[in-house]
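Inside the fold
Okay, here's what each chain looks like letter by letter:
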Amino acid sequence: MEDKGLLGKIIAIIPGLALMVGTLAVLRMYVVPWLGGITLFGIKGWPVQVLSLNYILLSIIAGMLFRNLLFGGKIPGWADAGFRTTRLFIKTGVIMLGSLYTLQSLLKLGISAALLIMAFVFGTVFLIMWLSKLWKVDRSVAAVMAAACGVCGVSAAVAAAPGVRARPVDLALAIATILGFGIVTMFISPFIGKALNLSDLQYGAWVGTGILNSGQVLATCLAFNPVIAPGTAVAYGEVWNVVRVISIPFVVFAITVWYWKGEGEAERISLKEILISKFPIFVLGFFGMTALSSLGMLGAEGSETLHFLRDCMQWIFGIGLVGQGAYIDFREIKAAGGKPLRLGLTAGMAKYVLALIVIMLFMPKTGAF
Amino acid sequence: MVTAAPKKILLLLDEDSPVTAEAVRIAQENSAQLTALFVLDATWNDYVGHDWLSGSGSRADFIDYVQQEEEKSAEKAFSRLKNLAGEAIEIQCITKVGNVVEQTRQEMEKGYDLLVASNPLRRGLERIRGNLAALCEKAPCRILLVPADI
């Protein structure tokens, strides 16, 4: 393959990135204000107020339209390098989200988040293992689905697949299932949250626990409340999500050990090796930002610096989510099927509904900040 | 329509599809030269574009793993083909890396009489993409589609 050099790589990024930035600019400057002025059923701004069609969901929809309609199912070569920056944008945004917390608030929220997440993560893993035995599903398929549904969607499936020798085709079906389920929950959750009058804390905790994919947790929180500040849905949802993300290597290890028990010839690796190779390093950046915030180095609440930082985050997430939308291919999701689909839907729905019930029964309306 | 017996056949291989046996049968009946193409799907990196949590090491492990699995599939497919064909026909085996449909179309341009492929396509991520129509569009040779599950 031709090596473009650093300058060439940067130039290659420009067209796709310009499209993502331009799309978000048009959505925020023209489309959202226009939707906000539409009165339907006696409610001003009904599409935004009721359907949550704010800049976040619109960004994802725009990305999906690019891929599935404009690009004919494949991101074209000229835009490819730019769209690949999606990961970088979302990771940067999540690192910056660390500035919403102090170590004290994070600790307080983190304990309840950790308890809830661990109960649901391992509950889902056990449910899938039980179902796979009942339905006679191959151990490697069950292991990938357990990681994907238990922890955080595509990333956990990617992390678990090599250790459990998953067949690529099964993995593809698992990912298609997770994305399909995630898209539905991404659009219905804000509606359910508003209909049930959930607070930002309750909504963030529910979504952070019940939605399978981390990118979709982020989008769903911002769709419910697009404001990025302490005490908003995204601030709460991301604590739950970060706890989940940290659990990836541990859950991957547990699932691989379960897989080894049934596969005598499987390659063994230690928890230490899995921790080193699978730990999501960017989470350290998130905690770094929280430390800076706790030390008052980012300014007091309401300061110019924090205002600027949060404005940047809105753009960063918006751009990243246009890119996320552009990786959603309807044909691929439509092709989901077989045992991965049965397992994924059953476990996903159980987790989503049960998390809502638990949150409504036990989670107070207000939280640590 | 009267069509001449194929003398150069291109087989789009998959690990466990009836398409292999069908292509061997046609090649034997027509004393044709058979070229078997196995495309190692290199589009996995794009497919997991949603994954933004993993570090580059974890992603690299995953991509390496998928490549190894693809190579194993290729070996199995070629070995199955050779077992089926025996010594009776001349076989050329080609491995390409990239997008399955694009690579197959490029190979088709090299002057074959017939492409034999599975319906639906099951090579790599085509299992979920189903780009059969794109493969057939303005094809430079005749195409025989063999049901994948007979």
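Okay, so let's go over this structure. (Residues numbered from 1 in each chain as written. Chains lettered and ligands numbered in written order. Predicted model: local features only at pLDDT ≥ 70, side-chain atom pairs only at ≥ 80, totals over all residues. Heavy atoms only, no water.)

Description of the overall build of chain B
Keep this limit in mind: The helix and strand labels rest on DSSP assignments: H or I over at least four residues marks a helix, E over at least two residues marks a strand, and numbering proceeds from the N terminus. The size measure is the radius of gyration over C-alpha atoms, and the globule rule it meets is 2.2 Å times the number of residues to the 0.38 power. For each residue, the accessible area found with a 1.4 Å probe, counting protein chains only, is set against the maximum for its type, and the residue is called buried under 20%, exposed over 50%, and partly exposed in between. Every residue pair with non-hydrogen atoms within 4.5 Å of one another is taken to be in contact. We get accessible surface area from the Shrake-Rupley algorithm with a probe of 1.4 Å; when it comes to residues, only the shown protein chains can shield them. Positive charges come from Lys and Arg alone, negative charges from Asp and Glu alone, with His and the N- and C-terminal ends not counted. Lys charges are placed at NZ, Arg charges at CZ, Asp charges at CG and Glu charges at CD.
For chain B, the helix and strand inventory stands at six helices and five strands. Along chain B, helices (α) and strands (β) appear in the sequence β-α-β-α-α-β-α-β-α-α-β when read from the amino end. At 16 Å, chain B has a C-alpha radius of gyration in line with the 15 Å of a compact globule built from 150 residues. Seen along its three principal axes, the alpha-carbon backbone of chain B occupies a region of about 55 × 35 × 30 Å. By residue count, 53% of the 150 residues in chain B fall in the buried class. The long-range share in chain B, meaning contacts at least 24 apart out of those at least 6 apart in sequence, stands at 78%. With the model as given, the accessible surface of chain B reaches about 6700 Å², and the carbon-plus-sulfur share is 48%. On chain B, the mean spot of the 17 positive side-chain charges and the mean spot of the 23 negative ones are 4 Å from each other.

Structural notes on the layout of surface pockets
Quick note on the threshold: Here a cavity denotes a set of grid points, spaced 1 Å apart and computed over the protein atoms alone, in which a 1.4 Å probe fits but from which it cannot get out, and a pocket denotes an open set meeting protein on both sides within 12 Å along at least five of seven lines; residues with an atom within 4 Å of a point are reported as lining. Grid points are joined across faces, edges and corners, and a volume is the space filled by probe spheres set on the points. Each residue gets one of three labels, nonpolar for Ala, Val, Leu, Ile, Met, Phe, Trp, Tyr, Cys and Pro, charged for Asp, Glu, Lys and Arg, and polar for the others, Gly among them.
If you add up the space inside the second largest pocket, you get close to 710 Å³. For the lining of the second largest pocket, the secondary structure elements donating two or more residues are helix 7 (139-160), helix 8 (168-195) and helix 17 (338-362) of chain A together with helix 3 (56-85) and helix 5 (126-129) of chain B. When the residues that make up the lining of the second largest pocket are grouped by side-chain class, the tally is ten nonpolar, four polar and 16 charged.

Considering helix 3 of chain B
Stated precisely, the cut-off is as follows: Given the number of residues in a helix, its expected span is that number minus one, multiplied by 1.5 Å.
For helix 3 of chain B, built from 30 residues, the straight-helix expectation of 44 Å at 1.5 Å per residue is met to within 8% by its first-to-last C-alpha distance of 43 Å. Directly after helix 3 of chain B, the chain includes Gly86 of chain B, whose backbone phi takes a positive value near 60°.

Focus on the side chain of Asp329 of chain A
With respect to the helices and strands, the residue Asp329 of chain A is situated in the loop between helix 15 (304-326) and helix 16 (330-334). Not counting residues up to four positions away in its chain, the partners in contact with Asp329 of chain A are Arg67, Asn68 and Gly73 of chain A.

Here's the deal with the sheet that holds strand 1 (residues 8-12) of chain B
All names here are of chain B. Cut-off, in case you're wondering: Pairs of strands are assigned from DSSP output, requiring at least two bridges between the strands. All axes are obtained by fitting lines to C-alpha atoms, using only the stretch in contact for helices, and the reported angles, taken between N-to-C directions, cover 0 to 180 degrees.
Strand order in the open sheet formed by five strands is 3-2-1-4-5, and the pairing between neighbours is parallel. Single-partner strands in this sheet number two, and they are strand 3 (91-98) and strand 5 (142-147). Strand-to-strand twist of the sheet, defined as the mean angle between neighbouring strand axes without regard to direction, takes the value 25°. As paired elements, strand 4 (residues 114-119) and strand 5 share six bridges and run parallel to each other. Pairing of Asn119 across the sheet is with Pro147, part of strand 5. Contacts between helix 3 and the sheet are confined to strand 1, strand 2 (33-41) and strand 3, with strand 2 contributing the most and set at about 165° to the helix.

Some points on the interface of chain B and chain A
Here is the rule we go by: Reported buried area values correspond to the accessible surface (1.4 Å probe) lost by two parts on association, with both partners' losses combined. The term salt bridge refers to a side-chain nitrogen of Lys or Arg lying within 4 Å of a carboxyl oxygen of Asp or Glu.
Taken together, the contact between chain B and chain A spans 28 residues of the former and 40 residues of the latter. For the pair chain B and chain A, the summed buried surface comes to about 3200 Å²; carbon and sulfur atoms form 58% of the total. Joining chain B to chain A, the criterion identifies four salt bridges. For Arg129 of chain B, the salt bridge identified is with Glu332 of chain A, shortest N-O distance 3.0 Å. Put simply, the parts of the chain that give the side of chain B that touches chain A at least two residues each are helix 2 (44-47), helix 3 and helix 5 of chain B. Ranked by the residues each element gives to the side of chain B that touches chain A, the list is headed by helix 3 of chain B, at nine residues.

Focus on unusual backbone geometry
A cis geometry characterises the amide bond from Asn119 of chain B onward to Pro120 of chain B, with omega recorded as 0°. Tracing the chain through its elements places Pro120 of chain B in the loop between strand 4 and helix 5. At Ser52 of chain A, a position not held by glycine, the phi torsion is positive, near 60°. Residue position: Ser52 of chain A is located in the loop between helix 2 (46-49) and helix 3 (55-70). In this structure Ser52 of chain A comes out as buried when scored by relative accessible area, which is 0%.

Some remarks on the state of the cysteines
All names here are of chain A. Definition in use: The criterion for a disulfide is a pair of cysteine sulfur atoms lying within 2.5 Å.
Under the criterion given, the structure shown has zero disulfides over all chains. Of all cysteine sulfurs, the one in Cys152 lies closest to Cys149, which takes part in no disulfide; the gap is 11 Å. With relative accessibility at 0%, the residue Cys152 sits in the buried group.

By themselves, these are just geometric observations and shouldn't be taken as functional.
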